[in-house]
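One-letter residues, chain by chain:
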Amino acid sequence: MDKNLSEEDSDNIDWDTEDELEIQDTTFSSCRDLRTTGQYAISGDGEASSSSAPGQSKFIQEFVVMGFTEESIAKAIEQNGENSDLVLDALLTLKAIEDSPEEQPSASPHLEPCINSDDSSSEYNENFLDDVYEEDSWSSDSDFCINSAKQCYIKEESSSLSEKEQTLLFLENMGYPVEEVSIAMERCGPEASVAELTDFICAAQMARAEDPYLPEDVKPKLNHMIGSGGYKKRKMFNQLCKSKKPRAIFDEETIRLPKPMIGFGVPTESVPAIVQRTLPDQAFGPPFFYYENVALAPKGVWDTISRFLYDIEPEFVDSKYFCATARKRGYIHNLPIENRFPLLPLPPRTINEALPLTKKWWPSWDPRTKLNCLQTAIGSARLTDRIRKAVEAFDGEPPMRVQKYVLDQCRKWNLVWVGRNKVAPLEPDEFEMLLGFPKNHTRGGGISRTDRYKSLGNSFQVDTVAYHLSVLKDMFPNGMNVLSLFSGIGGAEVALYRLGIQLNNVVSVEKSEVNRNIVRSWWEQTNQKGNLIDFEDVQQLNGDRLEQLIDSFGGFDLLIGGSPCNNLAGSNRVSRDGLEGKESSLFYDYVRILDLVKSIMSRHR
């Protein structure tokens, strides 16, 4: 689903981003209660119109084209409100039950309404995103879907059983062996959801199937885990929630996000969090390496990343301590952490400081001082026009319900006030300034505004990265050789250049031609004296190619990069498969290349 956001606004966007959605797709159920105020009414989907009926017809039509009957759609809307995810889950639940007579009772199911636990405005604070990290926004929807079906099934057959027995019976009828269900319930605890239990069982089955020491005759057959034969692994779950892929669940999460998220210290805090650390022996030796990815990854992901990178403790940092926009990231590196210094001048750290022209028009009821994470898409002209009309309908301050709607949209899309009752999305050069890039950095590739937003949304925050890399300046007075993996628009290269570190040789690996053009243009505009070598694909860097590169200029001083986080980001509600996802599995190429470089360079010493 590819939307043109400059022409049409939709809450069901395909977020083509390598970042988590800082503000979740909140359901504005309280906005559904807005009545006509003056000329306008704001309906559940955020439309400003003279009537809510056209908006509702469009909402219903969205599901009619999927093949659902108007009667079932109306019933789902009545029970769940105009929330696309919950209505779709309810419809899928009903369809799955009707289509699975062998697994469900013939009685007509009753879909219980979902009550939103919190419709309050999303506040910018330390706790909000950590709550998202602990329980992804879609997981509760998936649990609703499963638990609704579970209740329907159990209602007829096991009303007298305990909750534990009901869960056991439900999973047994899904096709799972009783002994495996019992073990999963014991290991996951009495409060575990059905989704967590099925994930645990699946993980155990796959582990046994891959165990080289387990006799073949007792291994589960992976190709029979789904379907009418064998275990029928997750058959019911996939039928009910086929639009949402479940994340991997781990027994224990050993790495948790700190509060505040300042890593081993930031320049704006008077006392650093940590002044020294001890690295594992295998992490020493050239080259220095630096790895970055989203902090709000699925549970267990950072534990795996750390394990593959010599068990080094991640450094979690939010860029709001460096600039006026949030960007929660995790970094694993073997750099020293003493004697860091920031780029000067220090960037503005509030919205009004970064965008002073907005101060005149900023309403007193908008409490924002920081922007949320900059994404790859922007709010549309239709949305900003709706907001203007909604606010202009009142002489003074709009009522709380309208304020809530406007603030939710402003936070979600990082809209700023540019005139009386007028909001607008950030311009590309404002993105560049907030992320620490020079003005017009992304114009160098000769690309469209849409591509500029996409490239910037997937980039480093330069000031944050430069603070970590600053320790290299005195260590390499004659310049560095850098291997930059997943280079994007050259955030690492810009950070080193702004630190005053000479770039002797840079091997840049980046799939996007647009991004490669941006880096090449920046290289030429800044009159770099060194060599820039381009590669399109990390898989082109095998042992022979790396050996040739290392022979040509004596090895690398720094290996830096952040592998794609498409399958890690909270905004990915379709394929959040963790490090096993199609894109994010490229993390293992980062590890492969790092190991090859260390091995080749150790032989050359």
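Please refer to the structure placed before this passage.
Residues numbered from 1 in each chain as written. Predicted model: local features only at pLDDT ≥ 70, side-chain atom pairs only at ≥ 80, totals over all residues. Heavy atoms only, no water.

## Things to note about the overall build of the chain
Inference 1: Each helix and strand counted, the chain has 20 helices and 11 strands in total.
Inference 2: The 605 residues of the chain split such that 55% are buried.
Inference 3: Residue pairs at least 24 apart in sequence account for 73% of intrachain contacts in the chain once pairs closer than 6 positions are excluded. (Helix = DSSP H or I, 4+ residues; strand = E, 2+ residues; numbered from the N terminus. Buried < 20%, exposed > 50% of the residue type's maximum accessible area, 1.4 Å probe, protein only. Contact = heavy atoms within 4.5 Å.)

## Side note on the nonpolar core
Inference 1: Ranked by size, the top nonpolar core spans 70 residues in total, and within it Val406, Leu469, Leu472, Leu558 and Ile560 carry the most contacts.
Inference 2: It is helix 13 (residues 400-413) that provides the largest number of residues to this core, a total of six residues.
Inference 3: In contact with Leu472, not counting residues within four places along its chain, are Phe288, Leu335, Met480, Ile501 and Leu558.
Inference 4: Counting residues in hydrophobic clusters, the runner-up holds 45 residues, among them Phe316, Val509, Leu546 and Val597. (Core = buried A, V, L, I, M, F, W, Y, C linked by side-chain atoms within 4.5 Å.)

## Digging into helix 20 (residues 587-604)
Owing to its 3.6 residues per turn, the α-helix brings residues three or four apart onto one side.
Inference 1: Taking 1.5 Å per residue as the helical rise, helix 20 with its 18 residues ought to reach 26 Å, and the 26 Å between its terminal C-alpha atoms agrees with that figure.
Inference 2: Looking at helix 20, one finds that the buried residues are Phe587, Asp589, Tyr590, Val591, Ile593, Leu594, Val597, Lys598, Ile600 and Met601.
Inference 3: Residues of helix 20 that are buried sit in contact with strand 3 (288-294), helix 10 (301-308), strand 8 (480-485), helix 19 (543-553) and strand 11 (558-561). (Expected span 1.5 Å × (residues − 1).)

## A closer look at the packing of aromatic side chains
Inference 1: Counted by the stated rule, this structure contains 16 aromatic pairs.
Inference 2: The interplanar angle of 35° and the centroid separation of 5.4 Å between the aromatic rings of Tyr290 and Tyr331 together place this pair among those described as tilted. Here Tyr290 is found in strand 3, whereas its partner Tyr331 is found in strand 5 (residues 328-333), with 41 residues between them in sequence.
Inference 3: For the pair Tyr291 and Phe587, a centre-to-centre distance of 5.3 Å together with 65° between the ring planes defines the contact as edge-to-face. One end of the pair, Tyr291, is in strand 3; the other, Phe587, is in helix 20, with 296 residues separating them in the sequence.
Inference 4: Through a chain of ring-to-ring contacts, three or more aromatic side chains come together here, namely Tyr291, Trp302, Phe308, Phe316, Phe587, Tyr588 and Tyr590. (Phe/Tyr/Trp six-rings, centres within 6.5 Å; stacked < 30°, edge-to-face > 60°.)

## Examining the pairing of strand 4 (residues 315-318)
Inference 1: On strand 4, burial covers both faces: Glu315 and Val317 on one face and Phe316 and Asp318 on the other are all buried.
Inference 2: Direction of pairing for strand 4 relative to strand 5: antiparallel, over a ladder of four bridges. Looking across to strand 5, one finds that Asp318 is bridged to Lys328. (Pairing = 2+ DSSP bridges.)

## Examining the environment of Ala184
Inference 1: You can see Ala184 is positioned in helix 7 (residues 178-188).
Inference 2: Ala184 gets classed as buried once you look at its relative accessible area, which sits at 0%.
Inference 3: In the structure, Ala184 is positioned 17 residues away from Ile201 in sequence and 6.3 Å away in space, judged by C-alpha atoms.
Inference 4: Other than its neighbours up to four places away in sequence, Ala184 contacts Gly189, Leu197, Phe200 and Ile201.

## Considerations on the sheet that holds strand 10 (residues 531-535)
Inference 1: Taken in spatial order, the seven strands make up an open sheet running 4-5-3-11-8-9-10, and their pairing is mixed. Each having just a single partner strand, strand 4 and strand 10 make up the two edges of the open sheet. This sheet shows a mean twist of 20° between the axes of neighbouring strands, independent of strand direction.
Inference 2: Together, strand 9 (503-509) and strand 10 form the strand contacts of helix 18 (residues 513-525), whose direction differs from that of strand 10 by roughly 175°. (Axes fitted to C-alpha atoms, helices over the stretch in contact; angles between N-to-C directions.)

## A few points about helix 10
Inference 1: For helix 10, the set of buried residues is Val301, Trp302, Thr304, Ile305 and Ser306.
Inference 2: In this fold, the buried residues of helix 10 make contact with strand 3, strand 4, strand 5 and helix 20.
Inference 3: At the C-terminal side of helix 10, Tyr310 shows a positive phi close to 65°.

## Overview of the pairing of strand 11
Inference 1: Residues Leu558 and Ile560 of strand 11 are buried on one face, and the alternating residues Leu559 and Gly561, pointing to the opposite face, are buried as well.
Inference 2: Relative to strand 11, strand 3 is paired through four bridges, and the arrangement is parallel. The residue of strand 11 that forms the bridge with Phe289 is Leu559.
Inference 3: In this structure, strand 8 lies alongside strand 11, joined through four bridges in parallel fashion. When the bridges of strand 11 are listed, Leu485 appears paired with Gly561.

## A look at unusual backbone geometry
Inference 1: With omega at 0°, the peptide bond leading from Pro286 into Pro287 counts as cis.
Inference 2: Of note, the amide linkage connecting Leu344 to Pro345 takes the cis form, showing an omega dihedral of 0°.
Inference 3: The topology assignment puts Pro345 in the loop between strand 5 and helix 11 (351-354).
Inference 4: Look at Asn414: it is not a glycine, yet its phi comes out positive at around 55°.
Inference 5: Its place among the elements puts Asn414 in the loop between helix 13 and strand 6 (416-419).
Inference 6: Residue Asn414 is classed as buried on the basis of its relative accessible area of 6%.

## Focus: the packing of helix 10 against helix 20
Inference 1: Contact geometry for helix 10 and helix 20: axes closest at 11 Å, N-to-C directions at 15°. By the angle class used here, helix 10 and helix 20 are roughly parallel. Viewed along their axes, helix 10 and helix 20 form a crossing whose handedness is right-handed. Listed contacts from helix 20 to Thr304, Ile305 and Phe308 of helix 10 are Phe587, Tyr588 and Val591.
Inference 2: Taken together, the residues that form the contact of helix 10 with helix 20 break down as five nonpolar, one polar and no charged. (Parallel < 35°, antiparallel > 145°, perpendicular 65-115°, else oblique. Left-handed = near helix turned anticlockwise from the far one by under 90°. Nonpolar A, V, L, I, M, F, W, Y, C, P; charged D, E, K, R; others polar.)

## Digging into the pattern of salt bridges
Inference 1: Enumeration over the complete set of coordinates arrives at 14 salt bridges.
Inference 2: Asp408 is the partner of Lys404 in a salt bridge, and the nearest nitrogen-oxygen pair spans 2.6 Å. Within this pair, Lys404 and its partner Asp408 are both found in helix 13, separated by four residues, close to a single helical turn. Considered together, Lys404 and Asp408 belong to a single accessibility category, that of buried residues.
Inference 3: What you see here is one network of salt bridges that share partners, running through Asp385, Arg388, Lys389 and Glu392. (Salt bridge = Lys/Arg side-chain N within 4 Å of Asp/Glu carboxyl O.)

## Here we look at the environment of Thr268
Inference 1: Relative to the assigned elements, Thr268 resides in the loop between helix 9 (235-240) and strand 3.
Inference 2: Those residues in contact with Thr268 that lie beyond four places of it in its chain are Tyr321 and Arg349.
Inference 3: A polar atom in the side chain of Thr268 sits 3.1 Å from the backbone oxygen of Tyr321. (Polar contact = N/O pair within 3.5 Å; in protein donor to acceptor, adjacent residues only side chain to side chain.)

## Concerning the packing of helix 14 (residues 428-435) against helix 15 (residues 449-457)
Inference 1: At a minimum axis distance of 10 Å, the contact between helix 14 and helix 15 shows a crossing angle of 15°. It follows that helix 14 is roughly parallel to helix 15 by the angle criterion. Along this stretch, helix 14 crosses helix 15, giving a crossing that reads as left-handed. Touching Pro428, Asp429, Phe431, Glu432 and Leu435 of helix 14 are Arg449, Arg452, Tyr453 and Leu456, all from helix 15.
Inference 2: Taken together, the residues of the contact of helix 14 with helix 15 break down into five nonpolar, no polar and four charged.

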